[in-house]
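# Fold and geometry: a report
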Amino acid sequence: MNPEDTIVYPARRIRTGDPSFPVAEAVAVRGDRIRAVGIVEELLTYPGAVLDERYGDAVILPGFVEAHTHAGTGNVWKQTYVGFLDRTEPSGRHWPGCTSIDEVVERLRVAEAELDDPQQPLLAWGFDPIYFPGEAFTAADLDAVSPHRPIHVIHTSVHACVVNSAVMSRYGISADTMVPGVVKDSSGAPTGELREFTAMALVSDLTEGTGPLSIDAAALRAFGQEGVNTGTTTLTDLGSLTLMDDAGVDLYRSVVDETFPARLNVFHFGAGVGAPRPSLSDDAARLVDLAGQSSAHLRLGNVKLMLDGSIQGFTARLEAPGYFGDEPNGLWNVTPEEFYAAFSVFHRAGLLIHVHCNGDQATELFLQTLQRVLTEAPRPDHRHTCTHSQLTTAAQYRRLAALGACANIFANHIFAWGDQHMDITLGPDRARRMDAAATALREGVPISLHSDSPVTPLGPLRTITHAVTRKSQTGRVVGDGEAISVDEAVRAMTLGAAHMLHMDHEVGSLEAGKYADFAILADDPYEVDPDRIGDIHVRGTVVGGRHFDSRIAAPADS
């Protein structure tokens, strides 16, 4: 076909995401942009129009936009998966969940037996102790796999890990280690559990190049394919540790070009993995320069800051009444003073900032800091975002709206840990109010929904299901008052996410002039039972007019 041709793609149904013309018969593409949306007859009147019926039996939606994922989604599969829930690799390989600690240990034994070099570390990911109440998973369990080989198992939240005695011996972790987050038993001996990034940093070089915050070219390509598999055409690497290094930037550029199957928005991890760098002003200036070098596929120059930990790991910072069992409050990953210094510098440089806030005390610090900084340095349309926003209250949402901020809500938590939040971490009242998408919308806060992949699986259709049904793994409805409609959830995962990335003029809906980014689906999420939206097969994507096929086989009955 001639590059100047207008390609007309009819479909069984096209949901445009444009309220002025919500349903169309076909979409016309020229080059990498949408030329027009409408009916086939009128689109064929455009000069150079050519009919392409490959999607005639499919449903087309705007490509989904995920504003909180990690490119390490493509990297964690270098390690052995030991999580509770079934997971599927970007390649299509299926991993059954480990539903007991014995199953975790057995999977580790199998993986250990496959290693030839006795000094090669055994690395695993996905474990979560909240699924095994009353049972400890410690260095003793890992020593039973191997007392000599270093073993490191990172929790699915990425906010804690467990190591064996060989690792503690190598890194000098003992009863004398006074680093916050090094968990000890009643005798004062370390158990092997390391909570939050200051403690995990003690052994971080053991997992260098393989963890969820590490990437290489293969990981980026796998991450892009995961986007195709799930209908996600704009991805986010929310927390890169490599943008201050030319080689790190070159890695992204070498992979994320016009042939990459998604747009990638890379955020610099400005604070939270240890203290902020002493060169904040220089870092901000570099990010401004990198932002000016962004391309249609690769966006640089945004910032992530991280305040607290995870709710299911009891390291999130909660306001009163705190945790259900009166556990001690969680941990700050930066001090309030460090947070203000970093936020102020990056804000004054004109950069977009997304801030990790799981607990409502973290949201409160974000609000106080945002108000202070905006008073000192007003900036219209900043779109700074409270990401996770799990326990943000109605009053806090009203303040977010007043300050022009957004909320990226962790809807997947309701399914993955809803039962545990009801029964163990928060209690039924607070759990019903968490991930309060309905409240946020009611109070006028722009929202999106996210997976935090690899913490939970990338998959906007499943995220939509969770936001609409609010069902846990056991089928309990966790706060039906915070459920939102299918249309609200789809919008949150398209235009909503694009808005908080400052990309809603380019992606998020099917409108003339925007990039030709589509999700190609087997069924219409507006027409199936909400419980089945997450089961809709994604046939592939179109990104900038290029076509990409999913590697996930269609169900036999589709």
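Since the structure is predicted, the reported quantities are computational estimates derived from the model, not experimental observations. (Residues numbered from 1 in each chain as written. Predicted model: local features only at pLDDT ≥ 70, side-chain atom pairs only at ≥ 80, totals over all residues. Heavy atoms only, no water.)

### A few points about the packing of aromatic side chains
Considering all chains together, one arrives at 13 aromatic pairs under this definition. Centroid distance Trp77 to Tyr81: 5.9 Å. Interplanar angle 45 degrees. Geometry classified as tilted. Pair check on accessibility: Trp77 and Tyr81 agree, each one buried. Taking the centre distance of 6.1 Å and the plane angle of 65 degrees together, the rings of Phe343 and Phe366 count as edge-to-face. Taken together, the positions of Phe343 in helix 9 (residues 336-348) and Phe366 in helix 10 (residues 360-376) put the pair 23 residues apart, joining distant regions of the chain. Considered together, Phe343 and Phe366 belong to a single accessibility category, that of buried residues. (Phe/Tyr/Trp six-rings, centres within 6.5 Å; stacked < 30°, edge-to-face > 60°. Buried < 20%, exposed > 50% of the residue type's maximum accessible area, 1.4 Å probe, protein only. Helix = DSSP H or I, 4+ residues; strand = E, 2+ residues; numbered from the N terminus.)

### Describing unusual backbone geometry
Cis rather than trans, the peptide bond between Ala320 and Pro321 has omega equal to 15 degrees. Within the secondary structure, Pro321 is located in the loop between strand 17 (298-306) and helix 9. Along the chain, Ser453 connects to Pro454 via a cis peptide bond; the corresponding omega equals 15 degrees. Note that Pro454 resides in the loop between strand 21 (447-449) and helix 15 (460-469). The phi angle at Glu196 is positive, at roughly 70 degrees, despite the residue not being glycine. Locating Glu196 in the fold gives a position in helix 5 (residues 196-200). The phi torsion at Asp326 lies on the positive side, around 60 degrees, for a residue other than glycine. Tracing the chain through its elements places Asp326 in the loop between strand 17 and helix 9.

### Some points on the pairing of strand 1 (residues 6-15)
Look at any regular strand and the pattern is simple: side chains alternate between the two faces of the sheet. Of all 10 residues making up strand 1, 8 are buried, and the element is well covered by its neighbours. The pairing of strand 1 with strand 4 (residues 49-51) spans 3 bridges and is classified as parallel. For Thr6, the partnering residue across the bridge sits in strand 4 and is Ala49. Of the strand pairs in this sheet, strand 1 and strand 2 (residues 23-30) are connected by 6 bridges, and their pairing is antiparallel. Within strand 2, the position partnered with Arg15 by the bridge is Val23. (Pairing = 2+ DSSP bridges.)

### Here's the deal with the pattern of salt bridges
Applying the stated rule across the entire model yields 28 salt bridges. As a salt-bridge pair, Arg33 and Asp32 come within 3.8 Å of each other at their nearest N and O atoms. Close ionic contact of Arg433 with Asp429 constitutes a salt bridge, the shortest N to O distance being 3.1 Å. A residue pair is termed a helical-turn pair when its members lie 3 or 4 positions apart in one helix, as Arg433 and Asp429 do in helix 13 (residues 428-433) at 4 residues. What you see here is one network of salt bridges that share partners, running through Arg13, Arg15, Asp524 and Glu527. (Salt bridge = Lys/Arg side-chain N within 4 Å of Asp/Glu carboxyl O.)

### A closer look at helix 12 (residues 412-425)
Between its first and last C-alpha, helix 12 extends only 16 Å over 14 residues, short of the 20 Å set by a 1.5 Å rise per residue. At Gly418, helix 12 shows its maximal bend, which comes to roughly 65 degrees. Of all the positions in helix 12, only Asn412, His413, Ile414, Ala416, Trp417, Gly418, Asp419, Gln420, His421, Met422 and Thr425 are classed as buried. On its buried side, helix 12 packs onto helix 13 and helix 15. (Expected span 1.5 Å × (residues − 1). Bend = angle between axes of the 7 residues up to and from the residue. Contact = heavy atoms within 4.5 Å.)

### A look at the sheet that holds strand 10 (residues 122-127)
Spatial strand order, 7-10-11-12-14-13: 6 strands in an open sheet with mixed pairing. Pairing within the sheet leaves two strands with one partner each, and these edge strands are strand 7 (80-81) and strand 13 (182-184). Two strands pair when backbone bridges link them, and strand 7 and strand 10 are joined in this way by 2 bridges, in the parallel orientation. Each residue of the ladder has a partner; that of Tyr81, found in strand 10, is Trp125. Seen against the sheet, helix 2 (residues 101-113) touches strand 7, strand 10 and strand 11 (151-155) and runs at an angle of roughly 150 degrees to strand 10. (Axes fitted to C-alpha atoms, helices over the stretch in contact; angles between N-to-C directions.)

### Concerning the sheet that holds strand 6 (residues 64-65)
Read from one edge of the open sheet, 8 strands run 6-15-16-17-18-19-20-21, paired in parallel fashion. Strand pairing shows two members of the sheet lacking a second neighbour, strand 6 and strand 21, which therefore form its edges. The pairing of strand 16 (residues 263-271) with strand 17 spans 6 bridges and is parallel. Residue His268 lies in a different strand from strand 17, and its bridge partner there is Val303.

### Things to note about the UniProt feature "domain: Amidohydrolase" (unreviewed entry) in the protein chain
When the UniProt feature table is mapped onto this chain, "domain: Amidohydrolase" (unreviewed entry) is found at residues 58-546. The distance from the first to the last C-alpha atom of residues 58-546 is 17 Å, and the span holds 32% helix and 18% strand. (UniProt positions renumbered as here; feature names shortened; annotations may be inferred.)

### Brief notes about the domain arrangement of the protein chain
Structurally, the protein chain comprises domain 1 (6-63 + 516-549), domain 2 (79-206) and domain 3 (217-515). Centre-to-centre separation of domain 1 and domain 3, based on C-alpha positions: 28 Å. It is Arg33, Ile34 and Tyr526 that lose the most area in domain 1 upon contact with domain 3, and together they represent 18% of the buried surface on that side. If you look at where domain 1 meets domain 3, you find 3 salt bridges. (Domains from an automatic or database assignment. Buried area = accessible area lost by both parts, 1.4 Å probe.)

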